[in-house]
Amino acid sequence: MKILLFGSGAREHALYEAILKSVLIKKENIYFAQTGSFADSQIIEFLDYDELAKKALDIGIKLLIVGPETPLAEGICDIFNKYNINTIGANKYWAQLESSKSFAKQFMLNFNIKTAKYCILSDVSEIENKLKNFSYPPVIKADGLAAGKGVYLPKTFDEAKVVAKEFLNGKFSEASKKIIMEQRLFGRELSLFSLWDGKTLLNFPPACDFKRLLDNDMGENTGGMGSAFPCELLGKEKESVENYLRKLENALKHSDAKFCGIIYSGIMLCDDDVFVLEYNMRFGDPEIQSILENFRGDILDVFIKMTQGRLNEVNLCFNDEPSYCVVLASSGYPSLPKFGCEIFNLDAAVNHGVRVLFAGAKKIGNKYYTNGGRVLNLVKCGKNALFDIYKTANEIKFDGKIYRKDIRLR
Ligand code: AMP
Ligand code: GLY
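Residue numbers here run from 1 along each chain, matching the order of that chain's written sequence. Numbering of ligands from 1 and lettering of chains from A proceed in the order in which they are written. With pLDDT at 70 or above as the cut-off, local features in this predicted model cover only qualifying residues; side-chain atom pairs require 80 or more to be listed or tallied, and sums for whole chains, interfaces and linings still use all residues. The basis for every side-chain value is the complete set of heavy atoms in the structure, and neither hydrogens nor water enter the calculation.

Is there a simple way to explain the site of ligand 2 in this structure?
Residues are counted as near a molecule or strand when any one of their heavy atoms sits within 4 Å of it. Residues in close proximity to ligand 2 include Asp209, Lys211, Tyr264, Asn280, Arg282, Gly284, Asp285 and Glu287, which together make up its full environment. Side-chain atoms alone can form a polar contact between residues adjacent in sequence; in general such a contact is a pair of N or O atoms within 3.5 Å, and within protein one must be able to donate a hydrogen while the other accepts it. Take aspartate 209: an N or O atom from its side chain is 2.8 Å from a nitrogen atom of ligand 2. We get accessible surface area from the Shrake-Rupley algorithm with a probe of 1.4 Å; when it comes to residues, only the shown protein chains can shield them. Coverage of ligand 2 by the protein amounts to 88% of the 200 Å² it exposes when considered alone. Each residue is assigned to one class: nonpolar for Ala, Val, Leu, Ile, Met, Phe, Trp, Tyr, Cys and Pro, charged for Asp, Glu, Lys and Arg, and polar for all the others, Gly among them. Residue classes in the shell around ligand 2 are distributed as one nonpolar, two polar and five charged.

Given below as structure tokens:
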């Protein structure tokens, strides 16, 4: 079997390593659409998705697995399906659950899924009036995709006003021509990943993501500085999450959602109740890195069964011990990370049994250099996993290395 993996970050590196363990595929039959540090051969060059699909068909690729959100929102799966190539990823219509926050809110409203109170704005003249609906400074969100930067949590109403104006005036071009103003919620945040084959929703246990740059959740919001898996649900929380996931499955069934892909519910537990903050239609980065390190099974077999509508036959199994991912970032991240610094002593990972996943790193000859904000991910599962990860984090060297020291289960 031949497959095509779309995406070149640490999430896709984790997927690649997990797929390599499958007995159903040989390394030389895995193709890539983008160059990355782990994917520097078997690249299919393309100008548009139609050309990519045609080339994939010629090569005999049977399955496309999509990592990031943009190609999903641009309809890559619809195009591949036209050529009878199976896909793991939402079609363009359902990708809107991530690419349009107002679409997602309407979906939640239609199916009685709890979410923060909100309003939609498309003109700066509405800001002043709409702010009056909130008793605490509301969260400001761009309606469309903004590379993880489209959500702002203001501390004051004045700040909310300024940010709302900036967004509507085109800070994220088309993506923020419409914005959501929504009630600020407080509670424990969890990432719930589900697989959907058009009939069955199969859920992973919850994972957590450490979004802030600095320890104790201080500093700027980032793409994620670490993750841990699985997170325990206590007492009524477990029941609430199960109820929510049943509701989501029924909503998808009722909507006759014909796609084969991932649904990531970003939730907040408020007084044991589930509130959905957002939907993503892909695996979360860096949560899936921890989850896949913990997964006991053949992920490619799961994906193939998904395309056959057989998710009801799949059981997701995990190790007994937790797993973790710690991100090594480059100083200046997230606004202005330092590029081009040589990375030393990657062997430390081998010595401590830690897996290194490449994100913003570039390979030149036999050497690696920083080439982005989040440079490397260190992942491991097991009793002493965190200890070994932190030993490795200390021993790998590059100029400007930063990482959080407080990644744990929470
Ligand atoms: P998103 O890009 O939609 O994942 O939002 C980024 C982060 O903003 C989320 O992971 C939350 O930490 C935070 N957030 C989003 N909406 C809310 C809300 N209504 N209340 C509190 N925090 C929120
Ligand atoms: N971990 C957050 C995200 O992937 O959006």
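Read on for the rest.
Even after reading the chapter, I still don't get unusual backbone geometry, so can you show me in this structure?
With the exception of glycine, most residues fall at negative phi, and the peptide bonds are largely trans. With an omega of -5 degrees, the peptide bond between phenylalanine 229 and proline 230 qualifies as cis. One can find proline 230 in the loop between β14 (226-229) and α9 (236-254). For asparagine 84, which is not glycine, the phi torsion reads 60 degrees and is therefore positive. We count a stretch as a helix when DSSP gives it H or I for four or more residues in a row; a strand needs E for two or more, and each element gets its number in order from the N terminus. The residue asparagine 84 is located in the loop between α4 (76-82) and β4 (86-88) in this model. When accessible area is computed with a 1.4 Å probe and restricted to protein chains, residues below 20% of their type maximum are described as buried, those above 50% as exposed, and intermediate ones as partly exposed. Of the residues examined, asparagine 84 reaches a relative accessible area of 72% and is grouped as exposed. Unusually for a residue other than glycine, alanine 147 sits at a positive phi of about 50 degrees. Using a relative accessible area of 64% as the deciding quantity, one classes alanine 147 as exposed.

Even after reading the chapter, I still don't get the environment of serine 125, so can you show me in this structure?
Examined against the element boundaries, serine 125 turns out to sit in the loop between β5 (118-121) and α7 (127-131). What makes serine 125 exposed here is its relative accessible area of 61%. C-alpha separation for the pair serine 125 and phenylalanine 32, spaced 93 residues apart in sequence, amounts to 47 Å. Of note is the side chain of serine 125, whose polar atom sits 2.8 Å from the side chain of aspartate 123.

Which parts of the structure should I look at to understand the nonpolar core?
What tends to happen in soluble globular proteins is that the nonpolar side chains get buried as a cluster. Remark: nonpolar core denotes a set of buried residues (Ala, Val, Leu, Ile, Met, Phe, Trp, Tyr, Cys) joined through side-chain atoms within 4.5 Å. Counting residues in hydrophobic clusters, the biggest one holds 76 residues, and the most contacted among them are Leu4, Tyr244, Tyr279 and Leu376. Top contributing element to this core by residue count: α9, with six residues. Among the nonpolar cores identified, the runner-up in size contains 44 residues, and Ile25, Phe38, Met306 and Val327 belong to it.

What's the story with the sheet that holds strand β6 (residues 139-142) in this structure? I'm lost.
Strand pairing in a sheet relies on backbone hydrogen bonds, with the paired strands running either antiparallel or parallel. Pairing between strands is defined by DSSP: at least two bridges between them are needed. Ordered in space as β5-β8-β6-β7, the four strands form an open sheet in which the pairing is antiparallel. The sheet is open, and its two borders are formed by β5 and β7 (151-152), each paired with just one other strand. Direction of pairing for β5 relative to strand β8 (residues 179-182): antiparallel, over a ladder of four bridges. Its bridge partner lying in β8, isoleucine 120 is registered against isoleucine 180. The contact criterion used throughout is that any non-hydrogen atoms of two residues lie within 4.5 Å. Axis lines are fitted through C-alpha atoms, for helices just across the contact stretch, and the angle between N-to-C directions can take any value from 0 to 180 degrees. Across the sheet, helix α8 (residues 157-168) touches β5, β6, β7 and β8, and the angle it forms with β6 is around 5 degrees.

Would you explain the environment of valine 327 in this entry?
Checked against the element boundaries, valine 327 lands in strand β17 (residues 323-330). Each C-alpha atom, one on valine 327 and one on tyrosine 390, is 11 Å from the other, the two residues being 63 residues apart in sequence. Every residue in contact with valine 327, bar those within four places of it in the chain, is listed here: Gly224, Met225, Gly226, Pro286, Arg374, Leu376, Asn377, Ile402 and Tyr403.

Would you explain the packing of helix α5 (residues 92-99) against helix α6 (residues 101-110) in this entry?
If you want to describe how two helices pack, look at the angle between their axes and the distance between the axes. α6 packs onto α5 with a crossing angle of 95 degrees between their chain directions and a minimal axis gap of 6 Å. The orientation of α5 relative to α6 falls into the category roughly perpendicular. Between α5, through Tyr93, Trp94, Gln96, Leu97 and Ser99, and α6, the contact on the second element is made entirely by Lys101, Phe103, Ala104 and Phe107. Per-class residue counts for the contact of α5 with α6 are six nonpolar, two polar and one charged. Roughly parallel refers to an angle under 35 degrees, roughly antiparallel to one over 145, roughly perpendicular to one between 65 and 115, and oblique to any angle outside these ranges.

Please explain the packing of helix α1 (residues 10-20) against helix α10 (residues 287-294) as it appears in this structure.
Interaxial distance between α1 and α10 falls to 9 Å at its minimum, and their mutual angle equals 15 degrees. The orientation of α1 with respect to α10, classified from their angle, is roughly parallel. As for how α1 packs across α10, the hand of that crossing is left-handed. For the pair α1 and α10, the contacting residues are Ala10, Arg11, Ala14, Leu15 and Ala18 in the first and Ile288, Gln289 and Leu292 in the second. Of the residues assigned to the contact of α1 with α10, the class counts are six nonpolar, one polar and one charged. Here is the rule for handedness: rotate from the far helix to the near one, and if that takes an anticlockwise turn smaller than a right angle the crossing is left-handed, while a clockwise turn gives right-handed.

Even after reading the chapter, I still don't get the pattern of salt bridges, so can you show me in this structure?
Think of a salt bridge as a Lys or Arg side-chain nitrogen and an Asp or Glu carboxyl oxygen that are within 4 Å of each other. By the definition in use, this model includes 29 salt bridges. For lysine 82, the salt bridge identified is with aspartate 50, shortest N-O distance 3.8 Å. You can see lysine 82 sitting in helix α4 and its partner aspartate 50 sitting in helix α2 (residues 49-59), a full 32 residues away along the chain. Note on lysine 82: relative accessible area 60%, which makes it exposed. Residue glutamate 182 is joined to lysine 105 by a salt bridge in which the shortest nitrogen-to-oxygen separation is 2.8 Å.

Even after reading the chapter, I still don't get the site of ligand 1, so can you show me in this structure?
Lining the immediate environment of ligand 1, one finds 13 residues, of which Glu182, Leu185, Glu189, Lys211 and Glu278 sit closest. Note that a nitrogen atom of ligand 1 is positioned 3.0 Å from one of the backbone N or O atoms of glutamine 183. Contacts to ligand 1 include glutamate 278, whose side-chain N or O atom sits 2.4 Å from an oxygen atom. Secondary-structure elements contributing two or more residues to the shell around ligand 1 are β6 and β16 (273-280). The residue inventory of the shell around ligand 1, partitioned by class, reads five nonpolar, one polar and seven charged.

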